Amino acid sequence: MKLALGALLLCAAGIIAPTAYASGSILAGSGISPRDAYTLGKALTFQKLVCVSCPLQAADLDRDRAESLRASLEARDAAVKPGTPDDRHILVLCPATEASGCDSEVDEQELVHYYLTRRFRL
């Protein structure tokens, strides 16, 4: 029990990576709480998608843009993409080929998707 709790805390702190997630499976056996998933998704959004040197600026992230990002994230593995500019922007998030520091198994795209759907009630 103590080991599992310690591993969860280390995952939340970003010291070790949680296991990879399939779309929509943040809660299903992942060992990560909804609060931690939201917090990690928010941090990734503002570290890799919305910052001074990022594809989007803070003023760009509103409900409409969140819907566009959500559509791109949901279609990331589909043969046909939604055709929004965000199809390209999500490539900075692991496991995309243009993302950096993807040595861990964490699915940054899934965490950002979780954050956006909760934050903007999509």
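Residues numbered from 1 in each chain as written. Predicted model: local features only at pLDDT ≥ 70, side-chain atom pairs only at ≥ 80, totals over all residues. Heavy atoms only, no water.

Draft legend 1. Up close: the packing of aromatic side chains. For the coordinates displayed, the defined rule picks out 2 aromatic pairs. Relative to Tyr115, the ring of Phe46 has its centre 6.4 Å away and its plane inclined at 70°; by these criteria the two rings are edge-to-face. Linking Phe46 in helix α2 (residues 34-49) with Tyr115 in helix α5 (residues 108-119), this pair joins segments that are 69 residues apart in sequence. By the ring-pair criterion, three or more aromatic residues cluster together here, those being Tyr38, Phe46 and Tyr115. (Phe/Tyr/Trp six-rings, centres within 6.5 Å; stacked < 30°, edge-to-face > 60°. Helix = DSSP H or I, 4+ residues; strand = E, 2+ residues; numbered from the N terminus.)

Draft legend 2. Just the nonpolar core, in detail. Of all hydrophobic cores here, the largest spans 20 residues; its most connected members are Leu49, Leu61, Leu69, Leu73, Leu111, Val112 and Leu116. Sorting the residues of this core by element identifies α2, α3 (63-74) and α5 as the ones contributing at least two each. Per-element tally for this core: the top contributor is α5, with 5 residues. Not counting residues up to four positions away in its chain, the partners in contact with Val112 are Gly41, Leu44, Thr45, Leu49, Leu73 and Leu93. (Core = buried A, V, L, I, M, F, W, Y, C linked by side-chain atoms within 4.5 Å. Buried < 20%, exposed > 50% of the residue type's maximum accessible area, 1.4 Å probe, protein only. Contact = heavy atoms within 4.5 Å.)

Draft legend 3. Spatial organisation of the packing of α3 against α5. One way to put it is that α3 packs onto α5 with a least axis distance of 10 Å and a crossing angle of 145°. The way α3 lies across α5 gives a crossing that is left-handed. In contact with Ala66, Leu69, Arg70, Leu73 and Glu74 of α3, α5 contributes Gln109, Val112, His113, Leu116 and Thr117. (Axes fitted to C-alpha atoms, helices over the stretch in contact; angles between N-to-C directions. Left-handed = near helix turned anticlockwise from the far one by under 90°.)

Draft legend 4. Broad picture of the pattern of salt bridges. Enumeration according to the criterion identifies 7 salt bridges in this entry. When the shortest N-O distance is used, the salt bridge between Arg76 and Asp107 registers 2.7 Å. Here Arg76 is found in the loop between α3 and α4 (86-89), whereas its partner Asp107 is found in the loop between α4 and α5, with 31 residues between them in sequence. Residue Glu98 pairs with Arg88 through a salt bridge whose shortest N-O separation is 2.5 Å. Remark: Arg88 occurs in helix α4 and Glu98 occurs in the loop between α4 and α5; sequence separation between them is 10 residues. What you see here is one network of salt bridges that share partners, running through Arg76, Asp77 and Asp107. (Salt bridge = Lys/Arg side-chain N within 4 Å of Asp/Glu carboxyl O.)

Draft legend 5. Spotlight on the state of the cysteines. In total, this model carries 2 disulfides according to the counting rule given. Each disulfide of the chain joins two cysteines, and with those cysteines numbered along the sequence the arrangement is 1-2, 3-4. (Disulfide = S-S within 2.5 Å.)

Draft legend 6. View of unusual backbone geometry. For the bond running from Cys94 to Pro95, omega is 15°, close enough to zero to count as cis. With respect to the element layout, Pro95 can be found in the loop between α4 and α5. Positive phi, normally seen in glycine, also occurs at Arg121, with a value near 50°. Note on placement: Arg121 falls in the segment after α5.

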